[in-house]
Amino acid sequence: MRPPRVRLWVKLALFGVLGVAATHTLHLAVGRELATNALSKEQLARARDLGRLVAAQTTDSVLLEDQVALQQAVDRCATDPSVTWCFVERDGRVLASTFHEGTPSALVTLRRGPPAQTGPIIVRAAGRRYLDITAPILDGAGGAVRVGLDLAPIAQTREALGLYLGLVALVTIAVGVLAALLVGRGIARPVKELLEAADHFVPSQPGPLVPVHGNDEFAELTERFNEMMTRLRAAHEAHEASVRKAASSERLVALGSLVAGVAHEVNNPLAGLKNVQAALRKGALSPERQSEYIELMGEALARIESIVGRLLEFGRPRPLALKPHTPRELVDDVLRLLGPAARQRGVSLVRAGDVTASEPVHADRVQLGQALTNLVLNALYVTPKGGAVRLRAVARPGWRGIAVEDDGPGIPPELRERVLDPFFSTKPEGEGTGLGLSVTRTIVDAHRGELAFDFPSSGGTVATIWLPLAAAS
Amino acid sequence: MGPLGRWRTVAVHAGAVALAVTWSACRSPEFPEVEVSFDGGLVPVAAESAGPGAARVVVAAMLSPEDTYSAYAQLLAHLSREMNVPLSLTQRRSYREANELLVTGRIDVAFVCTGGYAELLARGEPVEVLAVPVARGEMTYRSLIIVPASSSATQLADLAGRRFAFTDELSLSGYAYPSWAVRQQGLDPKRFFAVSYFTHSHDRSIRAVAQGLVDGAAVDGLIFDELVARNPGLGRAVRVIHRSEALGIPPVVALKRGDPALRRRFREALLSLHETEAGRALLRAAGFERFSTPRPGLYDSALTIMGEVLP
């Protein structure tokens, strides 16, 4: 089963949205971390600088035991808003401190070893976090300055940054989605136009070309598509012209063969007539011979008349006089008409199978009789002496048929296609006009029937005329 | 591999890269975190105090506190080991404060300046010189008048109406001698200079001249030589235009009413300092060869000068 179709522009848009969203989520996370790390490092550097500065400032005061100057130095340090505490300790004693009530002993002893901690320490106290750094005075011999920085501003900045970056990311994602939709649509539109053009393309009819937008790959594709449509139309026109030409030449060929057939058929009696007429002109003929010749002339003329008559019949069928007839009636007509001829040729012409079917078909008794006659004559012609031609009534739903089966050699496969062509004949010249089956076909068509040929593997030919049941027609 | 598999591979790789980038970016500086209660005990601000049983030694601020510390902390530690007595080093901004500590009994031994010693004598305090350092074979030193190298001054008189740096009002070399020298020329030392400052240490005075902050200064010759030897650039930046006569070197003193055993042990420790390699190294660092007992009359000229200058 084909999976449900997802539009190209939807895929592109989804891809774009995913890309933008993923990139910005990453940017958000990484950027926020980088920024807050930079802030943390900055804060640490600031605390260290402050500590070093206070240590440098208080070295003399520590050595000179100048309590006032020491206190001034730590108080000055604490004027920085991010500084929560600043004190000077030496051997566990606090020499000056911003904790005016007394410095928490846990803080004073925080870095006591062994080994003594000299790196930055995060101090958690009363639910808040502080960065505690220490800066030695006289390499530790003069004690150390301790500075505590409140980390809450960093946390707040971090949150603010997250919010800000999040907003930026949202806006960017929204813009990205819009851009992806627009780009997706932009790509899908020419494809859609091409699809519509392909759907409505009829090679035999002139149609509009697909408009070309811009000069990108799609424009190129559209141009090629238009060129292809133009080529297809031209090819189709050429094909039509050649078909028309072929049809006309076919007609010419058919006309040629028709004329040739007629000429040939007429030529023999004409030659006879000419001879007889020459003999009569000499006048030295006995009256018996004279009357014989006149008789011959009549026969020849009758033959020509018959040829021309059949030709006319071929070209211009008469209107049908349709009446209900049972197949049995039609078969009997033929048996009566051709029984003598069959006996003369030593071939038995018989009814076969159940032809008692009483359901009538609409038929012009005379014309259909002629059609059947043609089939039976052909069958008699090919059936060797001692053989049989069988007339069989056949049936299929809505149809009744009369099959003419012969014991002849059948028709070679390469000729089967041509049996219905006018003037096609396998008989020696002078024995057939080649119009028989054509006429039969014309009559059957006029009855809205079907003419079918079967070639059983056992040999012979079965020609069947199918007619619709009278009730059905 | 189907198209889905390929996509999955791409997705996995992209995810791995993203994770790596995020991880490297997220690595915050890792500091130990400690929970601390501020509700526990409080440590009050305590003044500096020596440990129990320690003898306190004050060193007058001839050098800046930091330099004094680096020059004397190890010396005192060594003496403490030799004497088997804990010693603590104390400093004060002025010579007068150091003298006060000694006089009020809060200090046992003092490395005073010659001027400070003279002031103690002038006040009638029972001061005993425990030992005096010997530098370049002498128990004396000189006061130097220095000017910036670019200065046109060639004698003290050329500095009239200029900016001048004194060391301390009880300093012989840094205050009393130049004042006395000006007075010798019949001038009023209080009006001779346009502006004068007290820098409270000789090295600060020397630097002030080198940097052109003042037009001249009076400094301890021993300290000047020591500082210039360590920092030749400083020597090129200043010029000596006057040298005093030889004056008694700053002594190590104690009050006679103090613990006699401590005085004795301290003196012995100082006098025998040059007998060990470690002691000699410490003496060299301080610019001395050894400690000695003062010869009689060593401080006569100093006392004369101080007598004229002190109010």
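All of these numbers come straight from a predicted model, not from anything done at the bench. (Residues numbered from 1 in each chain as written. Chains lettered and ligands numbered in written order. Predicted model: local features only at pLDDT ≥ 70, side-chain atom pairs only at ≥ 80, totals over all residues. Heavy atoms only, no water.)

### What about the overall build of chain A?
Here is step 1: When its secondary structure is counted, chain A shows ten helices and 13 strands.
Here is step 2: Taking contacts inside chain A between residues at least 6 apart in sequence as the whole, the part at least 24 apart equals 63%.
Here is step 3: Total accessible area on chain A stands at roughly 27000 Å², and carbon and sulfur atoms take up 59% of it. (Helix = DSSP H or I, 4+ residues; strand = E, 2+ residues; numbered from the N terminus. Contact = heavy atoms within 4.5 Å. Areas by Shrake-Rupley, 256 points an atom, 1.4 Å probe, with all protein chains shown as cover.)

### Quick notes on the overall build of chain B
Here is step 1: Helix and strand content of chain B: twelve helices and 15 strands.
Here is step 2: Considering chain B as a whole, with its 311 residues, one finds that 47% of them fall into the buried category.
Here is step 3: Restricting to contacts in chain B with at least 6 residues of sequence separation, those with at least 24 account for 79%.
Here is step 4: When the accessible surface of chain B is summed, it comes to about 14700 Å², and 53% of that surface belongs to carbon and sulfur atoms. (Buried < 20%, exposed > 50% of the residue type's maximum accessible area, 1.4 Å probe, protein only.)

### Topic: the pairing of strand β1 (residues 83-90) of chain A
Residues and elements named next belong to chain A.
Here is step 1: Across the eight residues that make up β1, a large majority, seven, are buried.
Here is step 2: Note that β1 and strand β2 (residues 93-97) share four bridges and pair antiparallel. Residue pairing in the sheet places phenylalanine 87 in a bridge with serine 97 of β2.
Here is step 3: Count of turn residues in the β1/β2 antiparallel hairpin: two residues, of which aspartate 91 carries a positive phi of about 55 degrees. (Pairing = 2+ DSSP bridges.)

### A few points about the sheet that holds strand β8 (residues 143-148) of chain B
Residue and element names in this part refer to chain B.
Here is step 1: Pairing in this open sheet of five strands is mixed, and the strands run β10-β9-β11-β8-β12 from one edge to the other. Across the chains shown, the open sheet's two edge strands, defined by having one partner strand only, are β10 (195-198) and β12 (238-243). Sheet twist, expressed as the mean angle between neighbouring strand axes with direction ignored, is 30 degrees.
Here is step 2: Alignment of β8 against strand β11 (residues 216-220), held across four bridges, turns out to be antiparallel. Each bridged residue has a counterpart across the sheet, and for isoleucine 145 the counterpart in β11 is alanine 218.
Here is step 3: Packed on one face of the sheet, helix α7 (residues 202-210) meets β8, β9 (163-166), β11 and β12 and runs near 150 degrees to β11. (Axes fitted to C-alpha atoms, helices over the stretch in contact; angles between N-to-C directions.)

### Focus: the environment of serine 244 of chain B
All names here are of chain B.
Here is step 1: Mapped onto the secondary structure, serine 244 falls in the loop between β12 and β13 (247-248).
Here is step 2: Separated by 67 residues in sequence, serine 244 and tyrosine 177 place their C-alpha atoms 7.6 Å apart.
Here is step 3: Once residues within four sequence positions are removed from consideration, serine 244 is found in contact with Arg142, Ser143 and Tyr177.
Here is step 4: At 2.7 Å, the side chain of serine 244 forms a polar contact with the backbone nitrogen of serine 143. (Polar contact = N/O pair within 3.5 Å; in protein donor to acceptor, adjacent residues only side chain to side chain.)

### Here we look at the side chain of arginine 92 of chain B
Here is step 1: Within the fold, arginine 92 of chain B resides in the loop between β4 (87-91) and α3 (95-103).
Here is step 2: For arginine 92 of chain B, a relative accessible area of 14% corresponds to the buried category.
Here is step 3: At 3.2 Å, the side chain of arginine 92 of chain B and the backbone oxygen of leucine 64 of chain A are in polar contact.
Here is step 4: Polar contacts involving the side chain of arginine 92 of chain B include one to the side chain of glutamate 65 of chain A, which spans 3.2 Å.
Here is step 5: If sequence neighbours within four positions are ignored, arginine 92 of chain B has contacts with Leu64 and Glu65 of chain A together with Val59, Ala61, Glu97, Ala98 and Leu101 of chain B.

### A few points about the environment of alanine 217 of chain B
Residues and elements named next belong to chain B.
Here is step 1: In this fold, alanine 217 is placed in strand β11.
Here is step 2: In this structure the C-alpha to C-alpha distance between alanine 217 and valine 240, which are 23 residues apart in sequence, comes to 9.7 Å.
Here is step 3: Setting aside anything within four residues of it in sequence, one finds alanine 217 in contact with Leu144, Ile145, Ile146, Phe164, Ala165, Ser205 and Val209.

### Structural notes on the confidence of the model for chain B
Here is step 1: Mean pLDDT for chain B: 87, with 91% of residues reaching 70 or above.
Here is step 2: Two numbers describe this predicted complex: its pTM, 0.56, and its ipTM, 0.78. (pLDDT = per-residue confidence, 0-100.)

### Re the nonpolar core
Here is step 1: Among the nonpolar cores identified, the biggest contains 72 residues, and Leu79, Leu87, Phe111, Leu159, Val253, Phe266 and Phe291 of chain B are the most heavily contacted of them.
Here is step 2: With residues near it in sequence (within four places) discarded, leucine 87 of chain B still touches Ala55, Val57, Leu76, Leu79, Ser80 and Phe266 of chain B.
Here is step 3: Leu330, Leu349, Val419 and Leu451 of chain A belong to the second largest nonpolar core, which has 32 residues in total. (Core = buried A, V, L, I, M, F, W, Y, C linked by side-chain atoms within 4.5 Å.)

### Comments concerning unusual backbone geometry
All names here are of chain B.
Here is step 1: At asparagine 84, a residue that is not glycine, the phi angle is positive and equals roughly 60 degrees.
Here is step 2: You can see asparagine 84 is positioned in the loop between α2 (65-83) and β4.
Here is step 3: The backbone phi angle of arginine 136 is positive, close to 50 degrees, even though this residue is not glycine.
Here is step 4: If you trace the backbone, arginine 136 turns up in the loop between β6 (127-134) and β7 (140-141).
Here is step 5: Under the relative-accessibility criterion, arginine 136 is labelled exposed at 57%.

### Side note on the sheet that holds strand β1 (residues 33-35) of chain B
Here is step 1: The mixed open sheet is built from six strands, whose spatial order is β2(A)-β1(A)-β6(A)-β5(A)-β4(A)-β1(B). Each of the sheet's edge strands pairs with one partner strand only, and the pair in question is β2 of chain A together with β1 of chain B. The sheet shows a mean angle of 30 degrees between the axes of neighbouring strands, direction not considered.
Here is step 2: In terms of strand pairing, strand β4 (residues 121-125) of chain A meets strand β5 (residues 128-136) of chain A through five bridges, oriented antiparallel. By the bridge assignment for β5 of chain A, alanine 125 of chain A is matched with arginine 128 of chain A.
Here is step 3: Along the sheet, helix α2 (residues 67-77) of chain A makes contact with β1, β2 and β6 (144-150) of chain A, crossing β2 of chain A at roughly 65 degrees.

### Some points on the pattern of salt bridges
Here is step 1: Tallying each qualifying case throughout the model produces 39 salt bridges over all chains.
Here is step 2: Residue arginine 124 of chain A pairs with glutamate 35 of chain B through a salt bridge whose shortest N-O separation is 2.9 Å. Of this pair, arginine 124 of chain A sits in strand β4 while glutamate 35 of chain B sits in strand β1, placing the two residues on different chains.
Here is step 3: Given a relative accessible area of 52%, glutamate 35 of chain B falls into the exposed group.
Here is step 4: Here the salt bridges do not stand alone but share partners, grouping Arg96, Glu100, Glu119, Arg123 and Glu169 of chain B into one network. (Salt bridge = Lys/Arg side-chain N within 4 Å of Asp/Glu carboxyl O.)

### Thoughts on the interface of chain B and chain A
Here is step 1: If you look at the interface, chain B gives 35 residues, while chain A gives 44 residues.
Here is step 2: Of the roughly 3600 Å² buried at the junction of chain B and chain A (both faces included), carbon and sulfur atoms supply 60%.
Here is step 3: Viewed at the interface, chain A and chain B are joined by seven salt bridges.
Here is step 4: Here arginine 129 of chain A ties to glutamate 33 of chain B by a salt bridge, and the two come within 3.2 Å at their closest N and O atoms.
Here is step 5: Linking chain B with chain A are 13 residue pairs in polar contact (both at pLDDT 80 or more).
Here is step 6: When residues of the side of chain B that touches chain A are traced back to their parent elements, those giving at least two are α1 (3-26), β1, β2 (42-43), α2 and β4 of chain B.
Here is step 7: A breakdown of the residues in the side of chain B that touches chain A according to their chemical character gives 19 nonpolar, seven polar and nine charged.
Here is step 8: Relative to β1 of chain B, β4 of chain A runs parallel, the two sharing three bridges. Residue pairing in the sheet places arginine 124 of chain A in a bridge with glutamate 35 of chain B of β1 of chain B. (Buried area = accessible area lost by both parts, 1.4 Å probe. Nonpolar A, V, L, I, M, F, W, Y, C, P; charged D, E, K, R; others polar.)

### Details of the side chain of histidine 325 of chain A
All names here are of chain A.
Here is step 1: Looking at where histidine 325 falls in the secondary structure, it is placed in strand β7 (residues 323-325).
Here is step 2: Under the relative-accessibility criterion, histidine 325 is labelled buried at 9%.
Here is step 3: Engagement of the side chain of histidine 325 in a polar contact is seen with the side chain of glutamate 329, the distance being 3.5 Å.
Here is step 4: When neighbours within four sequence positions are excluded, histidine 325 is seen to be in contact with Leu330, Pro360, Val361, Ala363 and Arg365.

### Let's talk about the packing of aromatic side chains
Describing an aromatic ring pair means giving the distance of the ring centres and the angle of the ring planes.
Here is step 1: All told, the structure shown has 17 aromatic pairs over all chains when counted by the stated rule.
Here is step 2: Their ring planes at 50 degrees and their centres at 5.1 Å tell us that tryptophan 85 of chain A and tyrosine 130 of chain A sit as a pair that is tilted. Here tyrosine 130 of chain A lies in strand β5 and tryptophan 85 of chain A lies in strand β1, a separation of 45 residues in the sequence.
Here is step 3: The buried category is assigned to tyrosine 130 of chain A, whose relative accessible area is 8%.
Here is step 4: Taking the centre distance of 6.5 Å and the plane angle of 70 degrees together, the rings of phenylalanine 111 of chain B and phenylalanine 266 of chain B count as edge-to-face. (Phe/Tyr/Trp six-rings, centres within 6.5 Å; stacked < 30°, edge-to-face > 60°.)

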